[in-house]
Amino acid sequence: MLRLENVTKTFGTQKALKDITTTFKDHETTVLVGPSGSGKSTLLRSLNLLERPESGLYDCDGIQLDFAKKITKKETLAVRQKTEMVFQDYNLFPHLTVLKNIMEGPVHVLKEDKKTAEKRALALLEKVGLKDKASAYPSQLSGGQAQRVAIARSLAMRPRYILLDEPTSALDPELELEVLKVLLELAKEKQSLIIVTHNLEFARHVADKILFIEAGKVFFEGKKDDFFNSDNQRIKDFINAMT
Ligand code: ADP
Ligand code: MG
């Protein structure tokens, strides 16, 4: 379980997160939605300690932190082994083949032997439908393929939670679909996913839980059906504006 309690994050005078308390359950897909600038990215990045809130409590699968106190390097590394971020712009190593991109973390961080890492990398490539691209370089991939490699690379680290911030916003619709299919598959397999997206149609398919953030606060959290069938005018307006 990943839990935030009374988490606050301020940029200068801008309060990006105001007293956020929420729990992300294991083996569930949580989709974060909300208007632009509402704090979704800040919240997601805080889960991975890419952003450092000034106060609040954090519990990542038993690693307990108090944001008001010093967080050690060791704690940061431990959190990052549990949470793997997939970036919008893929962040693949341009000088490494697709296969080597996926093997890099397992070999150098997890200290897997090369044979094992290669076997797993190939299996993960197969899972995302790209086994034939193992020896290609990132520059030879389409955006959708690059994003699928990035997802395979995050899976290779065996994280408890995969965090995705608008994973398909840089992609054309047909390329977006191939990435969404992979994420749907992972959700079905009960990989814990936390996804920021503007694509409510996708949210409707993939989410177990919806977290609706507005102006740095949790406006709604609950089951997907309760969100999409909500009587709340603000939620109805948001859904109408987005679809
Ligand atoms: P969202 O992802 O929902 O669009 P963000 O989390 O990116 O929202 O931003 C929330 C608020 O925090 C916005 O007002 C944004 O301008 C501000 N913000 C985010 N990151 C920074 C930063 N690095 N420096 C200053 N302000 C920031
Ligand atoms: Mg954002």
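Predicted model, so just to flag it, every value in this text is computed and none were measured.

With respect to the sheet that holds strand β6 (residues 83–86)
Next, step 1: Pairing in this open sheet of six strands is mixed, and the strands run β6-β7-β8-β3-β9-β10 from one edge to the other. Pairing within the sheet leaves two strands with one partner each, and these edge strands are β6 and β10 (217–223). Neighbour-to-neighbour, the strand axes of this sheet turn through a mean angle of 15 degrees, independent of strand direction.
Next, step 2: Examined bridge by bridge, strand β3 (residues 29–33) and strand β9 (residues 209–214) share four bridges and lie parallel to one another. Looking at the pairing, L32 lines up with L211 of β9.

Comments concerning the UniProt feature "domain: ABC transporter" (unreviewed entry) in the protein chain
Next, step 1: The sites that carry the UniProt feature "domain: ABC transporter" (unreviewed entry) are, in the present numbering, residues 2–240.
Next, step 2: A helix fraction of 39% and a strand fraction of 26% characterise residues 2–240, whose end C-alpha atoms lie 31 Å from each other.

Thoughts on the packing of helix α5 (residues 143–156) against helix α6 (residues 173–188)
Next, step 1: One way to put it is that α5 packs onto α6 with a least axis distance of 8 Å and a crossing angle of 20 degrees. Comparing their axes, α6 and α5 come out roughly parallel. Every pair of crossing elements has a handedness; the one defined by α5 and α6 is right-handed. Facing α5, whose interface residues are G143, G144, Q147, R148 and I151, α6 presents L175, E178, V179 and V182.
Next, step 2: A per-class count over the contact of α5 with α6 returns four nonpolar, three polar and two charged.

Some thoughts on helix α1 (residues 40–47)
Next, step 1: Buried residues dominate α1, accounting for six of its eight residues.
Next, step 2: Of all the positions in α1, only K40, T42, L43, L44, S46 and L47 are classed as buried.
Next, step 3: Phi turns positive one or two residues past the end of α1, at L49, with a value near 60 degrees.

Things to note about the sheet that holds strand β1 (residues 2–11)
Strand pairing in a sheet is mediated by backbone hydrogen bonds. Such pairs are either parallel or antiparallel.
Next, step 1: If you walk across this open sheet you meet the four strands as β2-β1-β4-β5, and the pairing is antiparallel. Since the sheet does not close on itself, it has two edges, and those belong to β2 (14–24) and β5 (63–66), each with one partner. Looking at each pair of strands side by side, their axes are set apart by 15 degrees on average, direction ignored.
Next, step 2: With four bridges joining them, strand β4 (residues 55–60) and β5 adopt antiparallel strand pairing.

A closer look at the site of ligand 1
Next, step 1: As a matter of local geometry, ligand 1 sits amid F11, Q14, A16, G34, S36, G37, S38, G39, K40, S41 and T42.
Next, step 2: Looking at the shell around ligand 1, the elements that each hand over two or more residues are β2 and α1.
Next, step 3: Here the element with the most residues in the shell around ligand 1 is α1; it accounts for three residues.
Next, step 4: Split by residue class, the shell around ligand 1 holds two nonpolar, eight polar and one charged.

Structural notes on the nonpolar core
Next, step 1: Core analysis: the biggest nonpolar cluster contains 66 residues, and L32, I102, A152, L163 and I194 have the highest contact counts within it.
Next, step 2: In terms of residues, this core owes the most to one element, α5, which gives seven residues.
Next, step 3: Not counting residues within four places of it along the chain, the set of residues in contact with I102 comprises A121, L124, L125, A152, R153 and A156.

Here is what the cut-offs are and how they apply
Residues numbered from 1 in each chain as written. Chains lettered and ligands numbered in written order. Predicted model: local features only at pLDDT ≥ 70, side-chain atom pairs only at ≥ 80, totals over all residues. Pairing = 2+ DSSP bridges. Helix = DSSP H or I, 4+ residues; strand = E, 2+ residues; numbered from the N terminus. Axes fitted to C-alpha atoms, helices over the stretch in contact; angles between N-to-C directions. UniProt positions renumbered as here; feature names shortened; annotations may be inferred. Parallel < 35°, antiparallel > 145°, perpendicular 65-115°, else oblique. Left-handed = near helix turned anticlockwise from the far one by under 90°. Contact = placed C-beta atoms within 7 Å. Nonpolar A, V, L, I, M, F, W, Y, C, P; charged D, E, K, R; others polar. Buried ≥ 20, exposed ≤ 12 C-beta atoms within 10 Å, placed from the backbone. Near = placed C-beta within 6 Å. Core = buried A, V, L, I, M, F, W, Y, C linked by C-beta atoms within 7 Å.

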